[in-house]
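Here are the chains, one letter per residue:
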Amino acid sequence: RGYTPSTINRFCEQIGVSTSLSVSTHQHVLEAVAREELDRTATRVFAVLSPLCVVVTNPEALLKHQPDLENPDPAGPITGYIRVQNHPKNESLGTRLVPFGPELYIQRSDWKGEAVKGYHGLTPGGSVGLVGTNLILHCESVESDAGSETPARLMCSVSERKGAPRPKGNIQWVAKQRAARICVRTYGALLLPEEEEAQAAGAARSSKSASDSPRDDAPTQGGGEEEVVADDSWLRRLNPASMQEETDAVLEESVVDLVGAVQFIREGFFVRDTSPRDGARESTRDPPCFHQVVALKSSYPG
């Protein structure tokens, strides 16, 4: 899961040592320590967890509006390469070249079929900035496959940021022709919050009161004269969404084999799974699997 020895050591220093068996520490404390460390050390990369295809109708504009473009080829599958920093605050981590092509993938949640108040993603006739570039993406039309209302691709043009109104939203992207397919697993709390536990307990008490006698097949514990009915109410707190898997995610092709945790821009910190599985290493899996170490922001209430 990407929790390094230094993260664990820092966490132990922070919580201290106690001989009491009643002391517990919330998971978000460990996550905060990991987030702080990875924010300093993790390379920023482009990944799209739920891809939606964008066709750039004027890819040649990249040559005009992106002054640091390298290896330009307006007629090729890759229009050119944009140099981006690996970390916005740590120049020692260097830079890399990110391919830009006439077809891009963007996050499906960064698109809505109609403008909604407070939404800063892409909409019909709307615009967003492309992270790491000098470009603004403008949606011109939407294409759907036959018999489907779900958009299959967006037809968009690009223009220069300079002199244009500042876009309210900026989104990550991956060039379709240089996209590596990956599996991404994100994680939430295994148990639902205590408020929901209380609701579940109340429902359990109501159900018990409505019953005239205990179930004959109820599991029991203990071997004394008075047997105690096992309390399995905690099972009601299990979170069915504690792990979610995206099997069609895409990542920059050149960074798939990076060692250690990376930040998927706007998504969180992730690490490639290299643990042994069924006699083979997960690193041989096709597509490669990335586990979420921690989200960019804490989801812990309060």
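Check the entry above for the structure.
Attention here is on the structure that accompanies the text. (Residues numbered from 1 in each chain as written. Predicted model: local features only at pLDDT ≥ 70, side-chain atom pairs only at ≥ 80, totals over all residues. Heavy atoms only, no water.)

## A look at the sheet that holds strand 2 (residues 47–48)
Pairing is mixed across the open sheet formed by 7 strands, whose spatial order is 1-16-17-20-12-15-2. If you trace the sheet from one side to the other, it starts and ends with strand 1 (43–45) and strand 2, each paired once. Relative to strand 20 (residues 289–295), strand 12 (residues 179–187) runs parallel, the two sharing 3 bridges. Its bridge partner lying in strand 20, C183 is registered against C289. (Pairing = 2+ DSSP bridges. Helix = DSSP H or I, 4+ residues; strand = E, 2+ residues; numbered from the N terminus.)

## Some thoughts on the pairing of strand 3 (residues 51–56)
Within strand 3, 6 of the 6 residues are buried, which leaves the element mostly enclosed by the surrounding structure. Where strand 3 meets strand 6 (residues 103–107), 5 bridges bridge the pair, whose relative direction is antiparallel. From the neighbouring strand, P51 faces strand 6, where its bridge partner is Q107. Sheet topology note: the strand 3/strand 9 (residues 151–160) ladder contains 4 bridges and is parallel. Its bridge partner being in strand 9, V54 is matched across the sheet by L154. (Buried < 20%, exposed > 50% of the residue type's maximum accessible area, 1.4 Å probe, protein only.)

## Topic: the packing of aromatic side chains
Counted by the stated rule, this structure contains 4 aromatic pairs. Ring geometry for F46 against W173: centres 5.2 Å apart, planes inclined by 35°, an arrangement best described as tilted. Of the two residues, F46 is situated in the loop between strand 1 and strand 2 and W173 in strand 11 (residues 173–175); the sequence distance between them amounts to 127 residues. When its relative accessible area of 2% is taken as the criterion, F46 is described as buried. Given the relative accessible area of 1%, W173 is considered buried. Relative to F290, the ring of F264 has its centre 5.7 Å away and its plane inclined at 50°; by these criteria the two rings are tilted. Here F264 is found in strand 16 (residues 262–264), whereas its partner F290 is found in strand 20, with 26 residues between them in sequence. For the pair shown, F264 and F290 are each scored as buried. Clustering of aromatic rings is evident, with ring pairs tying together F46, F100 and W173. (Phe/Tyr/Trp six-rings, centres within 6.5 Å; stacked < 30°, edge-to-face > 60°.)

## Some remarks on the pattern of salt bridges
Within the structure shown, the criterion is met by 10 salt bridges. The partner of D39 in a salt bridge is R44, with the nearest N and O atoms 2.8 Å apart. Judged by its relative accessible area of 33%, D39 is partly exposed. For E252, the salt bridge goes to R96, with nearest N and O atoms at 2.6 Å. Residue E252 is located in strand 15 (residues 243–252), and its partner R96 is located in strand 5 (residues 95–100); the two are separated by 156 residues in the primary sequence. One continuous salt-bridge network, built from bridges that share partners, spans E143, D145 and R153. (Salt bridge = Lys/Arg side-chain N within 4 Å of Asp/Glu carboxyl O.)

Fair warning: the whole summary comes from geometry, so function is off the table for now.
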